[in-house]
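Structural description and commentary
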Amino acid sequence: MGGNIKVGLFFGAGAEVCYGLPSGGKFALDLFRANVDKEKTKLRNNIKSVNKLSVYANKWLPNDFDVKRIHAFGRSDFASLLQSIMEYRRYDIIKFLDEFDIQAERVLQSWDISKAELNQIFKSLIGEDIGDVIYDQKVSLSTQLGANTDLFKSEYFSALLEVLKNRPESELLTRSLRAFLQLLIGCHGQNLASGLNQALFAKAPNDLPIFDDIGGVFRIDLSCAGLTALELVLEEEAHTVSSSSSMESIFGEFARKMLEVLLERHLNYQALIDEHFRYLYDPRAEWAKFTKIVIFLNTARTYILNKACGDSARIKDGPGYYHDLLNFGTIGLDIRAIGTTNYNSLVPEVAEGALSTYQVEHLNGSVHDFYDPYLNTIVHFTDDNECLNYERITVPLMFTQSGIKPLTCIEMSKRYVGLYDSFCDSDAVVVVGFGFNGDDGHVNGLFRNLIDECNKDIYICHYQSNGSDSAAARNYERKLRITNRDRLHIIGVNDERKTLNGDFWYESIAKAIIG
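Throughout what follows, the structure given in this document is the object of discussion. These figures come from a predicted structure and were not determined experimentally.

For the protein chain, the helix and strand inventory stands at 21 helices and nine strands. In terms of overall size, the protein chain behaves like a compact globule, its C-alpha atoms giving a radius of gyration of 25 Å where 515 residues would be expected to give roughly 24 Å. Based on the C-alpha atoms only, the size of the protein chain along its principal axes is roughly 65 × 65 × 65 Å. Split into buried and exposed, the 515 residues of the protein chain put 51% on the buried side. As presented, the protein chain carries roughly 23,700 Å² of accessible surface, and 47% of it is formed by carbon and sulfur atoms. Of note, the protein chain has its 54 positive side-chain charges centred 3 Å away from the centre of its 69 negative side-chain charges.

Set out below in structure tokens:
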């Protein structure tokens, strides 16, 4: 392309939202809701292709592997999902509950019933507007939990409680409100238990290690601390409501929708995946966990492919961040390298292949990458039949929400090194739609080195619904743990991929780099 300024580009899940593809918890919820019968059949067919006389079959796979039951994640695994939420996202959930009214108004902007309609329906039952009845004086958390909550100050949560008081037969509303209370108590209880476990003794002699041996005494009973929420969202079918629906249906479905939004934003299944991923390398140890992770990864791949097919017209025609790359040459920017944590290969597909010359490095794997855990190698399949006829069991190489990354295989290591070197050779690196979360330490370390060791300028396109660039910058500095702060630049963008002054993100980047 025609400019002299070389830029590296790095895309995360947020870059594909404009193409109709899911990100975050929505992706997770859909995976656990998915029917896995086809994936079980695919695995069974893959197993049939294994040579039963081979060393692989006799030494690595368990006896009678070809007739053993194939397992998948289900209700029995919900406790592990909940454990992840309570451990890693409890502060986020508490914040959501404390901001219940803000979250409710966001939901009502695009829900089946408007804010005004919901208020009118509430008034027809209670005789007052939403907000006239507040439960803060009637309900408070135990001081022994060591925390306060704004949940009962919420106008909408108070309204839901008031509806339940008047319509106690509303089962869905009852279960949904119980789930919110369980999450509230569970998260604050986890804080309390964690604090107690870390400070069981106010004082103890350093030369007596026996005091260090006492730990983990206090635990939260997960069966009573939020499983209702997961069951409601994962198993309860959503229903469309209207102003003519019954009172119980309207407020019950609204409460269930609020639960769904909460989990979409904060569901974390890293612990569940990490608990099972290790069994890819040792199926003889526990076949059930081996097949669960195989089925899960195949389900994720099928879901991603189906979503891309379903939105093929939107992906082809845009608009979106990948289509914007076509404008780089006109503003004096050359694309030096492209990296991504997304699994699709959309960059070469947009604009009828106009970007097909660019090699995209998939640092979290892709829908065309498969992993052979027996040999710790990556194999590439463009056709599903190739996978089914392969002589060993493979899994899609996609690092979903996992802290375990099979980065020791040579090809994946080459991707990281090659992309890093290309970024170092660029004048600047632009990041779009990537949050630098804790389970992405493998990528965070790459960018930390670019900033602190290579003195490379990094421009992060940050979705800016509110807040300031400086607050976002401090957040990214904390996540990346960098010392060279002057090299980090934040570009606030909105849903139209524009900055506050009306420039497209790439125009703002060009002005910042070129001047």
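There's plenty left to go through after this.
Turning our eyes to something else, we now look at the nonpolar core. The biggest cluster of nonpolar side chains holds 127 residues, and the ones touching the most others in it are Leu118, Leu230, Phe251, Phe254 and Phe447. When residues no more than four places from it in sequence are discounted, the contact partners of Leu230 are Phe78, Leu81, Leu82, Ile85, Glu235, Leu263 and Leu267. Counting 32 residues, the second-largest nonpolar core is a separate cluster that includes Val7, Tyr459, Tyr506 and Ala510.

The phi angle of most residues is negative, glycine excepted, and most peptide bonds adopt the trans form. Phi at Phe436 is positive, roughly 55°, even though this residue is not glycine. Here Phe436 shows up in the loop between strand 7 (428-432) and helix 19 (441-452). Residue classification places Phe436 among the buried positions, given a relative accessible area of 1%.

The strand order across the open sheet formed by six strands is 3-2-1-7-8-9, and the pairing between neighbours is parallel. Two strands in the sheet have a free side with no partner beyond their single neighbour: strand 3 (360-362) and strand 9 (488-493). Neighbour to neighbour, the strand axes of the sheet diverge by 25° on average, direction disregarded. The pairing of strand 2 (residues 333-340) with strand 3 spans three bridges and is parallel. Bridging across to strand 3, Gly339 finds its partner in Glu361. Helix 19 contacts strand 1 (5-11), strand 7, strand 8 (457-463) and strand 9 of the sheet and is inclined by roughly 130° relative to strand 8.

Along the chain, the position of Asn342 falls in the loop between strand 2 and helix 16 (350-353). Engagement of the side chain of Asn342 in a polar contact is seen with the backbone oxygen of Gly12, the distance being 2.9 Å. Excluding its chain neighbours within four sequence positions, the residues that come into contact with Asn342 are Phe11, Gly12, Ala13, Glu16, Tyr322, His362 and Gly365.

The next point concerns helix 10 (residues 227-235). Most of helix 10 sits out of view: eight of its nine residues are buried. For helix 10, every residue scored as buried is listed here: Leu227, Thr228, Ala229, Leu230, Glu231, Leu232, Val233 and Leu234.

Taken in spatial order, the three strands line up as 5-4-6 in an open sheet, and their pairing is antiparallel. Of all strands in the sheet, those bounded by a partner on one side alone are strand 5 (377-380) and strand 6 (395-398). With direction set aside, neighbouring strand axes in the sheet form an average angle of 55°. In this sheet, strand 5 lies alongside strand 4 (residues 365-372) in antiparallel orientation, the contact comprising four bridges. Bridging from a neighbouring strand, Tyr371 pairs with Ile378 of strand 5. Along the sheet, helix 18 (residues 410-424) makes contact with strand 4, strand 5 and strand 6, crossing strand 5 at roughly 85°.

This next bit is on the pattern of salt bridges. Summed over the entire model, instances satisfying the criterion amount to 26 salt bridges. Notably, a salt bridge pairs Arg33 with Glu260, separated by 2.6 Å at the nearest N-O pair. Of the two residues, Arg33 is situated in helix 1 (residues 24-33) and Glu260 in helix 11 (residues 247-266); the sequence distance between them amounts to 227 residues. Taking relative accessible area as the criterion, Glu260 reaches 8% and is therefore assigned buried. Note that Glu260 is salt-bridged to Arg256, the shortest N-O span being 3.8 Å.

Let us look at the packing of helix 8 (residues 155-166) against helix 11. Between two packed helices, what matters for the description is the angle formed by their axes and the separation of those axes. At a minimum axis separation of 11 Å, helix 8 and helix 11 run at an interaxial angle of 140°. Judged by the twist between their axes, the crossing of helix 8 over helix 11 is left-handed. Residues Tyr156, Leu160 and Val163 of helix 8 pack against Met247, Phe251, Phe254 and Ala255 of helix 11. Looking at the contact of helix 8 with helix 11 residue by residue, the class counts come to seven nonpolar, no polar and no charged.

Right, let's talk about the side chain of Asp30 for a bit. Take Asp30: it is sitting in helix 1. A distance of 2.5 Å separates polar atoms of two side chains, one belonging to Asp30 and the other to Tyr303.

What follows covers the environment of Phe32. Following the sequence through the fold, Phe32 ends up in helix 1. Taking the C-alpha atoms as reference points, Phe32 and Gly74, separated by 42 residues in sequence, lie 7.6 Å from one another. Those residues in contact with Phe32, other than ones at most four positions away along the chain, are Phe73, Leu81, Leu234, Tyr269, Leu272 and Phe296.

Further remarks concern the state of the cysteines. A complete count under the given rule lists zero disulfides for this structure. Counting only cysteine sulfurs, Cys18 is the nearest neighbor of Cys461, a cysteine outside any disulfide, at a range of 12 Å. With a relative accessible area of 7%, Cys461 lands in the buried category.

So, about the pairing of strand 1. Most of strand 1 sits inside the fold, with five of its seven residues counted as buried. Pairing analysis gives seven bridges linking strand 1 to strand 2, with the strands arranged parallel. Within the sheet, the bridge partner assigned to Leu9 lies in strand 2 and is Ile338. The sheet contact formed by strand 1 and strand 7 spans five bridges and is parallel. Counterpart to Phe11 in the pairing with strand 7 is Val432.

Moving on, we get to the packing of aromatic side chains. Throughout the structure, instances matching the rule amount to 32 aromatic pairs. On the numbers, 5.0 Å between centres and 85° between planes, the contact of Phe11 with Tyr322 is edge-to-face. Separated by 311 residues along the polypeptide, Phe11 in strand 1 and Tyr322 in helix 15 (residues 321-324) bring together distant segments of the chain. These aromatic residues form a ring-pair network of at least three members: Phe10, Phe423, Phe434, Phe436, Phe447 and Tyr476. The aromatic ring of Tyr135 is capped on one face by Lys138, whose charged end is 5.4 Å from the ring centroid. A cation over an aromatic ring shows up here: Lys498 above the ring of Phe504, its NZ or CZ 4.9 Å from the ring centre.

Definitions and limits used
- Residues numbered from 1 in each chain as written.
- Predicted model: local features only at pLDDT ≥ 70, side-chain atom pairs only at ≥ 80, totals over all residues.
- Heavy atoms only, no water.
- Helix = DSSP H or I, 4+ residues; strand = E, 2+ residues; numbered from the N terminus.
- Rg over C-alpha atoms; globule rule 2.2 N^0.38 Å.
- Buried < 20%, exposed > 50% of the residue type's maximum accessible area, 1.4 Å probe, protein only.
- Areas by Shrake-Rupley, 256 points an atom, 1.4 Å probe, with all protein chains shown as cover.
- Lys, Arg positive; Asp, Glu negative; His and termini not counted.
- Charge placed at Lys NZ, Arg CZ, Asp CG, Glu CD.
- Core = buried A, V, L, I, M, F, W, Y, C linked by side-chain atoms within 4.5 Å.
- Contact = heavy atoms within 4.5 Å.
- Pairing = 2+ DSSP bridges.
- Axes fitted to C-alpha atoms, helices over the stretch in contact; angles between N-to-C directions.
- Polar contact = N/O pair within 3.5 Å; in protein donor to acceptor, adjacent residues only side chain to side chain.
- Salt bridge = Lys/Arg side-chain N within 4 Å of Asp/Glu carboxyl O.
- Left-handed = near helix turned anticlockwise from the far one by under 90°.
- Nonpolar A, V, L, I, M, F, W, Y, C, P; charged D, E, K, R; others polar.
- Disulfide = S-S within 2.5 Å.
- Phe/Tyr/Trp six-rings, centres within 6.5 Å; stacked < 30°, edge-to-face > 60°.
- Lys NZ or Arg CZ within 6 Å of the ring centre and 35° of its normal.

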